[in-house]
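Examination of the molecular architecture
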Amino acid sequence: MTESASEPIVAPYVEVALPVPLRKVFTYAVPSGLGGALQPGSRVAVSFSRRKLAGFVVGGRDDLPEGVSRALPVAGLLEPEPVFTPELLRFLDQAAKYYMHPLGEVLRAAAPALPAGAMRRLRADGFLEPAENLPGQRVAHHTTWKVTPTGKETEGIRLGARQKKLMDRLATRESVLLDELRGELNDPRAVVRSLVGRGLVEFEEVEASRDPFFRAPVTRDAPHPPTDAQQLAIDAINEAILGRTGEAFLLHGVTGSGKTEVYLRAIDEVRKAGRGAILLVPEIALTPQLVGRFRARFGDDIAVLHSGLTARQRDDAWQALRRGRVQVAIGARSALFAPVADLGLIVVDEEHDPSFKQDEGFRYHARDMALLRAQYAGAVCVLGSATPSVETYYRANQGRIRLLSLPTRATGATMPDVEIVDLRRHRKGPTGHPLLSGPLHSAIGGCLETGHQAIIFLNRRGFAPSVRCAACGAVAECPACSVALTEHRGQGALRCHYCDFHRAAAMPCASCGSTEQKRIGVGTEQLEKSIEESFPKSRVARLDRDTASGDGVEAVLDRLRSGEVDVLVGTQMVTKGHDIAAVTLVGVALADQSLAFPDFRASERTFQLLAQVAGRAGRADTPGKVILQTYQPDHPAVRLAAQHDYEGFYAEEIQAREEVGYPPFARLVTVRVHAGAEADARGATQLLAETARQHQAVKDGAVQVLGPAPAPLVRLRGRYHYRLMLKSPDRKLLRTVTAHLAARIAQGLPPTHTTLDIDPL
Ligand code: ADP
Ligand code: ZN
Ligand code: ZN
């Protein structure tokens, strides 16, 4: 069950999964040169209808499939080692079946990108020409020294100032990279050599990591003694790990209750048992602090998988994980596919977060698939959240996963006091700005006076969400999408948030030629400016997609942490997991935005966002305060988030879901159709709806067909989008009808593009 090494294939043929929209595998012959070199999970090049494609070997076979008289040979082996372990292959095969998605496409989505130029480096014998043999391919790698203490006692040894400085540095850590000492220590290499001569340290040459997550040195931490609630959770999880029970847990703990500490202990237990762990987080770029805590506990032998890795760094990480040299992988959604050897634990932090759902191509949900992979690997799965998804909490209530609760904050801090400001009554505050009500304005003032920090959340970036012509009333829209353009004043542009379209802000109206414009609504850029103007002495910063590309996020959060910023204004990027002691005020500029979405989960999302952002306040000694501005103070999501009442919210929501028969009381499948012409998209969706309605299960009413209907954004990137939804409490019947439709889609519905989305969000 837990074998981690693949076996070479000795059969004359192999089955290869290819990234084509066909639900089958293809048989190829193993050429004599590649005999014994192919394994399940190997990435190979093959010819497929006159093209060269990269696919994955899924197994060997002794003869050709019935009706097939000959097979083309495998053209070459694209990577020396198999990309997938047997454990991963088995799991991905199940995932492909669950999502009714072609295995070849699933494997391609789960694999790291093919190394650049690999196809061109294939030699006639089927092997790769090593990159370094190609002219101009040699890459100079930046190296440094990794210095480790030998453990020899320094007592009684006279050390020079520089030697002492280095030894002090090593007192709290396992090793230090010479690169980190640059600027602190003159000629560090000489210092290391002298210490080697005295038998105090050893060193080895290693590749210097330019990975931002490992740049800053960390100090090893001393774990807090767990609270009673933490101890109960730790014991339960550790018992499951040691007993290899493959159990799944929901760790429901309020914001600041110490869930991360529970993850750290569980991962420690897994490591001690010689097994590996995966930690999934919603957005790795937003979690440098979390990674820091893992490095502080486990040292730098963890793999942080993120999109900024070079091909070489990612390759190294995969190798290290596969061999068990590194036992912990941390990353967003796709880290679910990390080839961790002998997987013992998967943790999904903030399991409610919608970013765990991949929303194009292979549309998987990383949380659901974490449960599946863990089950297949005999690993324990821990889902953690302060605001669990309704589906997960329901599963826990049903006893299908075990509920562990951390009801209070670990530091003893109280939950922040939440004041609801009814914008219908409070209107504009002293500044006249619509979203700076009197109470919010004075709370910010008070917070600044006491030297604390504030976070103000507004889920709209840009200056004004839309711009209207003052003369004729026409709204400036994206020519390719059915949405209004957002004004970005700093860039002097109107931008579409769905495609790349942008144009100069100061352009005459397309309908009447007037240049008079009226701004509608408020975005983060405008709010930042208003706060700067209202509090001229404060230092205000902004965190949203515009200000935070790449390293920007970390830089902004660092400035907040070090006290260089008094007020941080931002989109939902400010709601995620940050733990900053001096933040005592959280303002929600407009709580209602996410309620407006035409989605049965709108209420749940709003509750989650509000509870999460409120949780950023008062995490240390000074009690926190939250100001929540809204036009709907009586909405349950708003009211119950203000009371930190998750159970209350869940009780209301689960009842509403049951009444209308939405998940978890039914399952959904969305068929998405898009085309360049609206009539084509509508026509094809209509045809699929009729096909579905002919099915007996639909006639019987066991499966409901909703639609066809235009998608909420009917025009997106120049294409028209339509949908059909299937809904049923009976999973089996729903799959039968879905398969029926899939067969119709496989026959082709040109000129449309059609995809299935199982468990859509
Ligand atoms: P969560 O992940 O639930 O939001 P964290 O793990 O970030 O919570 O913990 C919140 C704060 O409480 C952190 O500053 C952490 O260091 C601290 N903390 C965690 N466990 C304990 C404990 N047992 N005793 C004291 N402080 C703790
Ligand atoms: Zn006009
Ligand atoms: Zn657009």
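Residues numbered from 1 in each chain as written. Chains lettered and ligands numbered in written order. Predicted model: local features only at pLDDT ≥ 70, side-chain atom pairs only at ≥ 80, totals over all residues. Heavy atoms only, no water.

Describing the pairing of strand β12 (residues 328–331)
As a reminder, the rule being used: Exposure categories follow from relative accessible area, calculated using a 1.4 Å probe and restricted to protein chains: below 20% of the type maximum is buried, above 50% is exposed, and the middle band is partly exposed. Starting at the N terminus, helices and strands are each numbered in turn, a helix being any DSSP run of H or I of at least four residues and a strand any DSSP run of E of at least two. Think of it this way: DSSP has to see at least two bridges between two strands before they count as a pair. By convention, a crossover is right-handed whenever its connection, traced from the first strand over the helix to the second and viewed with the strands pointing away, goes clockwise.
Alternating positions in β12 separate into two faces, Val328 and Ile330 on one and Ala329 and Gly331 on the other, with burial throughout. Of the pairings in the sheet, the one linking strand β10 (residues 276–280) to β12 comprises four bridges and is parallel in character. Among the inter-strand pairings, isoleucine 278 is bridged to a residue of β12, identified as alanine 329. The sheet contact formed by strand β11 (residues 302–305) and β12 spans four bridges and is parallel. From the neighbouring strand, isoleucine 302 faces β12, where its bridge partner is valine 328. Tracing the backbone out of β11, into helix α9 (residues 311–323) and back to the parallel element β12 gives a crossover that is right-handed.

What to know about helix α6 (residues 228–243)
The following threshold applies: Here a helix's expected span is defined as the number of its residues, less one, multiplied by 1.5 Å.
With 16 residues, α6 should cover 22 Å at 1.5 Å per step; its first-to-last C-alpha distance of 22 Å lies within 8% of that length. Listed in full, the buried residues belonging to α6 are Gln230, Ala233, Ile234, Ala236, Ile237, Asn238, Ala240 and Ile241. After α6 finishes, the residue arginine 244 shows a positive phi value of roughly 45°.

Details of the site of ligand 1
Where we set the bar: Any residue with a heavy atom positioned within 4 Å of a molecule or strand is treated as near that molecule or strand. Counted as a polar contact is a pair of N or O atoms within 3.5 Å, where, for protein atoms, one must be capable of donating a hydrogen and the other of accepting one, and residues adjacent in sequence contribute only when both atoms are in side chains. Accessible surface area values rest on a Shrake-Rupley calculation with a 1.4 Å probe, where residue burial reflects the displayed protein chains alone.
Taken together, 17 residues surround ligand 1, and among them Pro225, Gln230, Lys259, Thr260 and Arg293 come closest. Separating an oxygen atom of ligand 1 from a backbone N or O atom of glycine 256 is a distance of 2.9 Å. Here serine 257 contributes a backbone N or O atom positioned 3.2 Å from an oxygen atom of ligand 1. For ligand 1, whose accessible area on its own is 560 Å², the fraction buried by protein is 83%.

Regarding the coordination of the zinc ion (ligand 2)
The following threshold applies: Any nitrogen, oxygen or sulfur atom within 2.8 Å of a metal ion counts as a donor, with the limit raised to 3.2 Å for Na, K and Ca, and since water is left out, coordination shells can look unfinished. Every angle between 85 and 135 degrees makes a four-donor site tetrahedral, while opposite donors more than 155 degrees apart, with all other angles between 65 and 115, make a four-donor site square planar and a six-donor site octahedral; other sites are irregular.
The zinc ion (ligand 2) binds to the protein through Cys469 (SG), Cys472 (SG), Cys509 (SG) and Cys512 (SG); the donor distances cover 2.3 to 2.4 Å. One can describe the donor arrangement at the zinc ion (ligand 2) as tetrahedral, given that its four donor atoms subtend angles of 103 to 113° at the metal. Along the chain, the residues donating to the zinc ion (ligand 2) fall in the pattern C-x2-C-x36-C-x2-C. Within this pair, whereas cysteine 472 is found in the loop between β18 (466–469) and β19 (486–488), its partner cysteine 512 is found in the loop between β21 (502–504) and β22 (517–520), the two being separated by 40 residues in sequence. For cysteine 472, a relative accessible area of 40% gives the class partly exposed. Residue class for cysteine 512 comes out partly exposed when judged on its relative accessible area of 39%.

Things to note about the side chain of histidine 433
Here is the rule we go by: Every residue pair with non-hydrogen atoms within 4.5 Å of one another is taken to be in contact.
Here histidine 433 shows up in the loop between α12 (423–426) and α13 (438–449). Here the side chain of histidine 433 touches serine 530 through a polar contact of 3.0 Å, side chain to side chain. Look past the residues within four positions of histidine 433 in its chain and what remains in contact with it is Lys428, Val522, Gln526, Leu527 and Ser530.

Some details on the packing of helix α7 (residues 259–272) against helix α8 (residues 288–298)
To keep it simple, the criterion reads: The angle between two axes is taken between their N-to-C directions and runs from 0 to 180 degrees, where each axis is a line fitted to C-alpha atoms and a helix contributes only its stretch in contact. Each angle is binned into one of four classes, with values under 35 degrees roughly parallel, values over 145 roughly antiparallel, values of 65 to 115 roughly perpendicular, and all other values oblique. Working rule for handedness: look at the near helix, and if it is turned counterclockwise from the far one by less than a right angle, call the crossing left-handed; if clockwise, right-handed. Residues are grouped as follows: nonpolar covers Ala, Val, Leu, Ile, Met, Phe, Trp, Tyr, Cys and Pro; charged covers Asp, Glu, Lys and Arg; every other residue, Gly included, is treated as polar.
Two elements in contact, α7 and α8, have axes whose closest approach is 11 Å; the angle formed by their N-to-C orientations is 40°. Taken together, α7 and α8 sit at an angle that is classed as oblique. By crossing handedness, the relation of α7 to α8 is classed as right-handed. Contacts from Thr260, Glu261, Tyr263, Leu264, Ile267, Asp268 and Arg271 in α7 reach Leu290, Arg293, Phe294, Arg297 and Phe298 in α8. Residues that form the contact of α7 with α8 fall into these classes: six nonpolar, one polar and five charged.

Concerning the sheet that holds strand β27 (residues 667–675)
Pairing is antiparallel across the open sheet formed by four strands, whose spatial order is β28-β29-β27-β30. The sheet is open, and its two edges are formed by β28 (704–716) and β30 (753–758), each paired on a single side. Taking the axes of each pair of neighbouring strands and ignoring which way they run, one obtains an average angle of 20° across the sheet. Sheet topology places β27 next to strand β29 (residues 719–728); nine bridges connect them, and they run antiparallel. Looking at the pairing, valine 673 lines up with tyrosine 722 of β29. Helix-sheet contacts for helix α19 (residues 678–693) involve β27, β28, β29 and β30, and the interaxial angle to β29 is about 15°.

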